[in-house]
Every structure is written in structure tokens, then in C-alpha cells.
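# Structural overview
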Amino acid sequence: MEHHFQRLYEVLTQVQGYIYPNEVELYWSVLIVLYPYITGLVAGAFILASLERVFNVKVLKPTYHLALLTALAFLLIAVMPLVSHLGKPLRAFEIMMTPNPTSAMAIFGFIYLWYLMVVLLLEIWFDYRRDMILWLQTAKGFKRFLYQVLTLGSRDLSPKALRFDDKAGYIITIIGIPSAFLLHGYVGFIFGSIKANPWWSSVLMPVIFLFSAMVSGIALVMMVYMVVSKIRKITSDINALDTIAKFLFYILIMDFALEALDQVHRIYEAEESFDILHLLVNGKLFMSMFIFQIFLGTLVPLATLAVFQFYKPVEKIRRTIYFIISVLVLFGIFFMRWNVVIGGQLFSKSFYGFTAYKNQFIGAEGYLMAWFWFLVPFAILAFLLWLLPPWKKHEELEAQE
Amino acid sequence: MKRNEEKSNRRTFLKTGVAIAGGVVAATLVKPFTGVVLATEKPSGDHPWYGIGIDIEKCIGCGNCASACKMENPVPAEPFYFRNWVEQYTVKNDGTVKVESPNGGIGGFKQTIPDEEIFKSFFVPKMCNHCAKSPCSQVCPVGATFETPDGVNLIDKSYCIGCGYCIQACPYGCRYMHPTEKVVDKCTLCYHRIKKGLLPACFEVCPTNARIFGDLNDPGSDLVLFIKDHSCRFLKPHLNTVPKLYYNALEEEVR
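Residues numbered from 1 in each chain as written. Chains lettered and ligands numbered in written order. Predicted model: local features only at pLDDT ≥ 70, side-chain atom pairs only at ≥ 80, totals over all residues.

### Let's talk about the environment of Ala213(A)
Quick reminder of the rule: We count a stretch as a helix when DSSP gives it H or I for four or more residues in a row; a strand needs E for two or more, and each element gets its number in order from the N terminus.
For Ala213(A), the location among the structural elements is in helix α9 (residues 205-231). As for Ala213(A) and Val340(A), which are separated by 127 residues in sequence, their C-alpha atoms are 14 Å apart.

What follows is the structure, encoded as C-alpha cells:
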């Protein structure tokens, strides 16, 4: 506790202007930055997967299952940063048991569960049912046990059953697209509906969150696909990468346009809060907004992808550049979340001053914890790829023969 | 034949028109449009509806209210946690505003700006506005923050999950996360005292009676008379939180 107060006294010396005395401590830390970031990755990855399934973009086939499993790996821990940030984590379940219907945060729990249980798990199950039954026949030990549990006793491989799998998967994907929109649009609403905070309170917030989610999810799948291909020592399908990059380009344009519209609107209307937000953006958020989010995370990828629409360098260079772009976009969207969450708490609601954000490396809400929750999904993904390898599915094996 | 049809069409049209117009007039008579001061209705029933009045003209910035609050209630002593505090506003001749609240005003204030540069200066005590449409209880995911039937905004600390969403939603900065209890804490309007007929601690100690406590449902209460006699304003009225904290002589600079 002493250490905590010590830190707050340090922050107190860095306060600029006047802030309400309760505003010295910034309550939503880097973990809450991570929460919309991870949820966005899920929604984006799923939307990329649904492109192949529903909109029949056949060239994306190699990334379809990978995108689904990536979405699942991240969704499984999506609420963990939120829960571990709570003052009383053991009471977290009360959100589900006694939700307050007027609270955006309470309803999120149900949207999350709907998305996890009804959309993602069901879709993956129908998608893998046949393969799990086939793998069950040859697998041994723990893996065999897992398949036995996961098939839920289903052994039917008749053409009728397989047709049903396919149909069910298709319908779930169709339900899944609006659900993915809802999932992340809703996260935007959690911030956008706070009228006390002019940096958050914007009707565009859910839409901006949605598009940035798609951008980050697509970039993540692109990166994961290249890394997994590298580990498996196969060359990644350049046509798939080109198509993903093309989608990334279009959605990045829309995302940038929407965010620009939001800012232009603020600047032109220049309401009561404008002066303090102007100072915020040009001061405390300068690096994370102009350099990280806009320049590195948006303009550089956008310009590169724009050039690729006219001139395509050789495959090898293209692959390297795609990898760099996906990392840059992931980096940029993280700082977009940072600028929203941390930026929204740096200025005082009196509009007379700023507090400072001083986080530790270690501790319940430190950077180490944030890194932990960011890296766990990759471990889960590795496990999922071991258990449900997309490249060992029957259609892949058929295609290879 | 055709003429008849036209006639009957015209008749139907006129009939419908008259019916709609008459309906609109009737509806207006039943529920005439009235401008509302409070965008919410006072709760019915014969229990009190507590409110607060603060007379800025009377506040001398002694900070007794802020320290009494910390003595009466389990508020941490460190200068990052306040259920109420006092702000000192100094408008300079060049139009710039300086706001200060060292340790929430506990121990009083020292004017740091030379007299000749000061255009005007005043103190503004702040506390929970006990809003009738409180954004904090709107956003609480588990309903741990609630409004009592007598209009006091409270937290059930045995239920709060400590998410801090209400802290973000409060436009007045009146909430904080209790460092040891790990749940959110705020002004209770000394509910334990007012239920016994006592005044809240900060009202009790105010040497100039700048704070007026009372029942908004009682037309004869000190508070209602105070609101009647002064031109009172709320903080941040555009947010439509419908505060029950009325300030007399609230200046434009105060946010």
C-alpha cells in the first residue's frame, strides 16, 4: 500500500493545471487497453474467415481454419484482462448472475457468451466433426482422449450427416457475421456511451472500433499464417496473402476515413472540451497518436499497400513486406486502443488540467501482466493447431493427392 | 356515377382530416406541452427527497467540510481520495483562470497570486450531486450503485465488483476506488446521520451556513426556500444528469 501511495505522490508532482482531487489515480490501466484490443482481434479474424465461407472468396481457403482457431484462442481469454483488473475479481460472475440492464458492461457478458458458445465453438465443432472422428481412429493417448471428449459421442460419417455439418456451419457463419459486428461494436459502445467523457462520447465510436477491429484481426491472421507456414517449413500461398492484403487495404482506408471524420468533426465543432483535447492530442498523446497510431500504424501500411495495387514486387520481397505491414498494423491498432482508453483518462473532467499515467512493470496491473495476457492466446493457438491442425483436414489431404 | 365516387372520396378525405385535426387538439388538451426544469419527475410517495444547496457567496474556504468528511467517514487520509472538497477559483485580470484545491482544501487556502493581478476569486465546495438521473448507477454492471427512494445515491460495497466504470461515468469526479477495500467509494450524504435526523458532517461544521440540507418534497424546507430566494444553477446541466445539488452564484468558470 505504501508503495501505491508513493507512486501516487509521484504522479501528483506531474499533474498539470487543475484536476479533481480524485482524478490523480488513473483507474483503467493497460489491461483495459488490452481488452478492446483482444476483442477486436477476435472479431476481425472471424470476419476474415467468413469471407471465405459466406462470400466464397476461395483464394482465402488456406487461412480459413487458421482464422477461426485464432479467433477462438483470443476469445477464450478476451475477458481475462478485464477480470484481473477488477478490484474484486471473485465477484466477476455477478455480472452474469445479476446484470444491470442499463449497463453496457453487463450486457457485454451475454454478447461475449453468445459469440463464444453459439458462434465460434459451434462453427468449429461442425467444421471439425468429421476430422475429429477420423483422427480418433488413429490417435493415441491424451490426444485420443481429447477427441473422444470433443466429438461428444458423435460417430456418424454418413453423407447425410456430412451434408448437415456443412449446412449448419454455413448458417452459423451467417449468424456469426452480425454477431462479430455486435461483439466489437458493443465494445465501442462501452466507451462511446460515456457522456461525461468528451474524448469517448461519440456516436462513431462503435463503428470506428468495428473497423479498427477488422483491420487488426486481418493483420493478425496474415501474420499468424506466415509464421505458421514458416514453422511448418512450407511456403505461404502468395495468392491468399495478396487477397488478404487487398482486403486489409480497403478496410484500412475506411477505418482511417472514419477516424479522420471523427476528429474533423471535433475540430470543426470545437465544443467546450475542444481546448483540453487539443492540448491532449498535441501533448501527452503526440507520440502514441501521431507517430505510432497514425504514421506507423496507418499511413505507412496504407501507402505501401496502395503502391502494391499498381506495382507488385517479386514474391519474396512481397512476403517480407506483408509481414512488416501486419506487425505495424497490429502495433498501430494497439496504440489506437491506448489513445482511447488511457487518453480518455489523462485529462480532467474539469477541462482544466492533466494527470499522468505511471505504470509499473510488475504488479497486478503492470506491463508484465499485460504481456502475459497478450501472449497466452498464442500458446492456446499453438495447442489448438496441435489438436486441430487445419492442414491435416480431409479436404486438405484430398487436395494434396 | 363518376361524380358520386368523387364526391364520396372528397367526403372521406374531409372526414379523416377533421378526425385527425380534432384528435391532435384533443390530445393537446389532455396532455398540454410543458417546459420542464427537471427532466425527471420527483418520485411520488410521502417520503423525503433529499437535496443540497451550496451558497458560494458564503463559502470562506476554511476546508472544515472536507476534513469533517474524512473524520466522520472511512475515507483514506491520503490526498487522492475525497468524498467532498473545496476548489479555489481565481480569475486574473488577463482573463485566465487558476483553480486550486491543495489536499482538497483541508487546512484552508493561501492565495498565491498577487492582489493587483486578481479580477475576482471565490471558493466552490464540491461533492456528489446525488443526481436524479445518475450516470454512475446507469452504468454499474451489477447494480451495486443505486438511488434510495429518498434520493441518495449509494453503493452496496458488499456487491461492488470494483470495475471502475462508474468512476468513468461520473462527470463531477466524485468517486474513487478505495485503496484497501478495493471497491468504489463516494459521498453517502452521511446517510447514517440523516436517517437519525442529524445533518451530514460537512453541513454540521460549516461556520457560515454555506451548505443547506433539506427535503425537496417539503415546500417549507430550508432548501426549497433557498432555491426560491436565489438564482441557483447546477453543474454541467447540458449532460442532463439532473443534479440535486443547487449552487447559488455559480460562475461560468466552474466546471
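Continuing now.
### What to know about the sheet that holds strand β10 (residues 232-233) of chain B
Residues and elements named next belong to chain B. Spelled out, the test is: Two strands are counted as paired when DSSP detects at least two bridges linking them. Residues are scored as being in contact if the C-beta atoms we place from backbone atoms lie within 7 Å. For every element, the axis is a line fit to its C-alpha atoms; helices are fit only across the contacting stretch, and the angle between N-to-C directions ranges from 0 to 180 degrees.
Pairing is mixed in the open sheet, where four strands are placed in the order β9-β1-β11-β10. At either margin of the open sheet sits one strand with a lone partner, and together these are β9 (211-215) and β10. With two bridges joining them, β10 and strand β11 (residues 245-248) adopt antiparallel strand pairing. Looking at β11, one finds that Cys 232 is bridged to Asn 248. Helix α7 (residues 222-229) rests against β1 (50-55), β9, β10 and β11 of the sheet, and its axis sits at about 115° to β9.

### Overview of the interface of chain A and chain B
Definition in use: Side-chain classes are defined by residue name, with Ala, Val, Leu, Ile, Met, Phe, Trp, Tyr, Cys and Pro counting as nonpolar, Asp, Glu, Lys and Arg as charged, and the others, Gly among them, as polar.
Listed by partner, the interface residues are 36 residues for chain A and 40 residues for chain B. Counted by class, the side of chain A that touches chain B contains 20 nonpolar, nine polar and seven charged residues.

### Notes on the sheet that holds strand β3 (residues 97-100) of chain B
All names here are of chain B. Read from one edge of the open sheet, three strands run β3-β2-β4, paired in antiparallel fashion. Since the sheet does not close on itself, it has two edges, and those belong to β3 and β4 (118-127), each with one partner. Adjacent strand axes in the sheet meet at a mean angle of 20° when their direction is disregarded. Here strand β2 (residues 84-92) pairs with β3 via four bridges, running antiparallel. Bridge pairing in β3 links Tyr 89 to Val 99. Contacts between helix α2 (residues 64-72) and the sheet are confined to β2 and β4, with β2 contributing the most and set at about 160° to the helix.

### Topic: the nonpolar core
For the record, the criterion: The nonpolar core is taken to be a set of buried Ala, Val, Leu, Ile, Met, Phe, Trp, Tyr and Cys residues joined by way of C-beta atoms within 7 Å. With C-beta atoms placed from the backbone, a residue is labelled by how many other C-beta atoms lie within 10 Å of its own: buried for 20 or more, exposed for 12 or fewer, partly exposed between the two.
Residues Val42(A), Ala45(A), Ala71(A), Val215(A), Ile218(A) and Val221(A) are the most contacted members of the largest nonpolar core, which totals 174 residues. Once residues lying within four places of it in the same chain are set aside, the contact partners of Val221(A) are Ala45(A), Leu48(A), Thr63(A), Leu66(A), Ala67(A), Thr70(A) and Ile244(A).

### Topic: the packing of helix α6 (residues 104-138) of chain A against helix α8 (residues 159-192) of chain A
Residue and element names in this part refer to chain A. This is how the line gets drawn: By definition in this entry, angles of less than 35 degrees are roughly parallel, angles greater than 145 are roughly antiparallel, angles of 65 to 115 are roughly perpendicular, and the rest are oblique. Should the near helix be turned anticlockwise from the far one by less than a right angle, the crossing is termed left-handed; should it be turned clockwise, right-handed.
Two numbers describe how α6 lies on α8: the axes approach to 8 Å, and their chain directions differ by 155°. Here α6 lies roughly antiparallel to α8, going by the angle between them. Judged by the twist between their axes, the crossing of α6 over α8 is left-handed. Across the contact of α6 with α8, the residue classes break down as 18 nonpolar, four polar and five charged.

### Remarks on unusual backbone geometry
All names here are of chain B. Although it is not a glycine, Lys 182 adopts a positive phi angle of roughly 60°. Take Lys 182: it is sitting in the loop between β7 (176-177) and β8 (184-185). Its 15 C-beta neighbours within 10 Å are what place Lys 182 among the partly exposed residues. With a phi close to 45°, Lys 236 is a non-glycine residue in the positive phi region. When the 17 C-beta atoms within 10 Å are taken as the criterion, Lys 236 is described as partly exposed.

### Overview of the environment of Thr304(A)
Residues and elements named next belong to chain A. As for its position among the elements, Thr 304 is in helix α12 (residues 286-310). Spatially, the C-alpha atom of Thr 304 lies 34 Å from that of Gln 345, the residues being 41 residues apart in sequence. When neighbours within four sequence positions are excluded, Thr 304 is seen to be in contact with Ile 321 and Ile 325.

### A few points about the environment of Ala43(A)
All names here are of chain A. Structurally, the position occupied by Ala 43 is in helix α2 (residues 30-53). Given 31 C-beta atoms within 10 Å, Ala 43 falls into the buried group. Distance in space between the C-alpha atoms of Ala 43 and Trp 386 is 23 Å, their sequence separation being 343 residues. Apart from residues no more than four positions distant in its own chain, Ala 43 is found in contact with Ala 180, Leu 183, His 184, Ala 213 and Gly 217.

As far as function goes, none of this settles anything; it's purely spatial.
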